[in-house]
Amino acid sequence: SSKGTKRKALSRNDQQAETLNDLAQYGWPDWLQRAWNSKARDWVRKDGSSVGAICPFIPKKELYGFLQEIAFKTDTQKPDNKAFQGSKVDDDYDDWRKVRDGDGYVNAIWNLRGKALLELRGVWQECFFHILADMSNEVTDKQKGLILFEICRQDQLKFYGQHAQYR
């Protein structure tokens, strides 16, 4: 007979620590890391000595600039005028427009600021896609990726609704 080895079940804390350790191995998308690095400052002790190359905080005066920098994509192709016309997000927000793909799905939201046209970035969705790619599970169809993101978000909401201790 063969001897089987039993693996000791991990405690809930050990499972969480293992998951956090795995997640810590994933990096932010390059565009987000560059934006963070441009605003974050080295962490220094009260005595003025450096903690090292750790930049966990953005100064309050830089926070708005960081959010503004990551909210809009800078490397996107502008939609043609025909796709952009008549697609207001809302009557009260006539400077925000939806652009649909060939199947009629909204695939981008743009903001018109004077003559500047800026595409709103789906920060959480892009980070989700980046993590999947790092896990060798890259999303190639943007619409399917957005549906998967929403399914995961709903699962997370259901989990936290049932497990208040994790909130």
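The structure this text deals with has already been given above.
Overview of the structure. Numbers given to residues run from 1 along each chain, matching the order in which its sequence is written. Side-chain atom pairs in this predicted model are given and counted only at pLDDT of 80 or more, local residue features only at pLDDT of at least 70, and totals for whole chains, interfaces and linings cover all residues. Hydrogens are left out, water is left out, and the side-chain values use all remaining heavy atoms of the structure.

This brings us to helix α3 (residues 60-71). The terminal C-alpha atoms of α3, which comprises twelve residues, lie 17 Å apart, in line with the 16 Å expected from a rise of 1.5 Å per residue. Accessibility here uses a 1.4 Å probe with only protein chains present; expressed as a share of the type maximum, an area under 20% marks a residue as buried, one over 50% as exposed, and anything in between as partly exposed. Numbering of helices and strands runs from the N terminus; a helix is a DSSP stretch of H or I covering at least four residues, while a strand is a stretch of E covering at least two. Burial in α3 covers these residues: Glu62, Phe66 and Ile70. Taken down its axis, α3 places every buried residue within 65° of arc, on the same side. Of the residues in α3, the exposed ones pointing more than 90 degrees away from the buried face are Lys61 and Tyr64. Residues count as neighbours in contact if any of their non-hydrogen atoms are within 4.5 Å of one another. Buried positions along α3 lie against α2 (30-39), β1 (72-73) and α5 (123-134). Given a helix with a known number of residues, its expected span is that number minus one, times 1.5 Å. Arc definition: directions from the helix axis to the C-beta atoms.

Attention now moves to the pattern of salt bridges. By definition here, a salt bridge exists when the distance from a side-chain nitrogen of Lys or Arg to a carboxyl oxygen of Asp or Glu is within 4 Å. Considering all chains together, one arrives at six salt bridges under this definition. A salt bridge links Glu126 to Lys73; the shortest N-O distance between them is 3.8 Å. In this pair, Glu126 sits in helix α5 while Lys73 sits in strand β1, placing the two residues 53 residues apart along the sequence. The two residues Glu126 and Lys73 agree in class, both being buried. Its salt-bridge partner being Glu150, residue Arg153 comes within 2.7 Å of it at the nearest N-O pair.

What follows concerns a nonpolar patch on the surface. By definition, no residue in a patch forms a salt bridge, and every one has over 30% relative accessible area; like charges are joined within 9 Å, nonpolar side chains (Val, Leu, Ile, Met, Phe, Trp, Tyr) within 5 Å. Note that accessible areas follow from Shrake-Rupley with a 1.4 Å probe, and for residues the cover is restricted to the protein chains shown. Together, Trp43, Val51, Ile54 and Phe57 give the surface a local cluster of nonpolar side chains, amounting to about 360 Å² of exposed area. Its place among the elements puts Trp43 in the loop between α2 and α3. Residue Trp43 is classed as partly exposed on the basis of its relative accessible area of 39%.

Another point: helix α6 (residues 142-162). For α6, with 21 residues, the first-to-last C-alpha span of 30 Å sits near the 30 Å given by 1.5 Å per residue. Any pair of N or O atoms that falls within 3.5 Å is considered a polar contact. Within protein, one atom must be able to donate a hydrogen and the other to accept it, and sequence-neighbouring residues count only if both atoms are side-chain atoms. Two or three places before Gln143, at the opening of α6, Asp141 has a side-chain oxygen 3.0 Å from that residue's backbone nitrogen.

Whenever a helix is involved, its axis is fitted only over the stretch in contact; in every case the axis is a line through C-alpha atoms, and angles between N-to-C directions fall within 0 to 180 degrees. Direction vectors running N to C along α2 and α3 enclose 160°, while the axes themselves pass 10 Å from each other. As judged from the angle between their axes, α2 and α3 are roughly antiparallel. α3 is crossed by α2, and the crossing has right-handed handedness. Between α2 and α3, the residues in contact are Trp31, Leu32, Ala35, Trp36, Ser38 and Lys39 and Glu62, Gly65, Phe66, Glu69 and Ile70, respectively. Note on terminology: angles under 35 degrees are roughly parallel, angles over 145 are roughly antiparallel, angles of 65 to 115 are roughly perpendicular, and the others are oblique. For a crossing to be left-handed, the near helix must be turned anticlockwise from the far one by less than a right angle; the clockwise case is right-handed.

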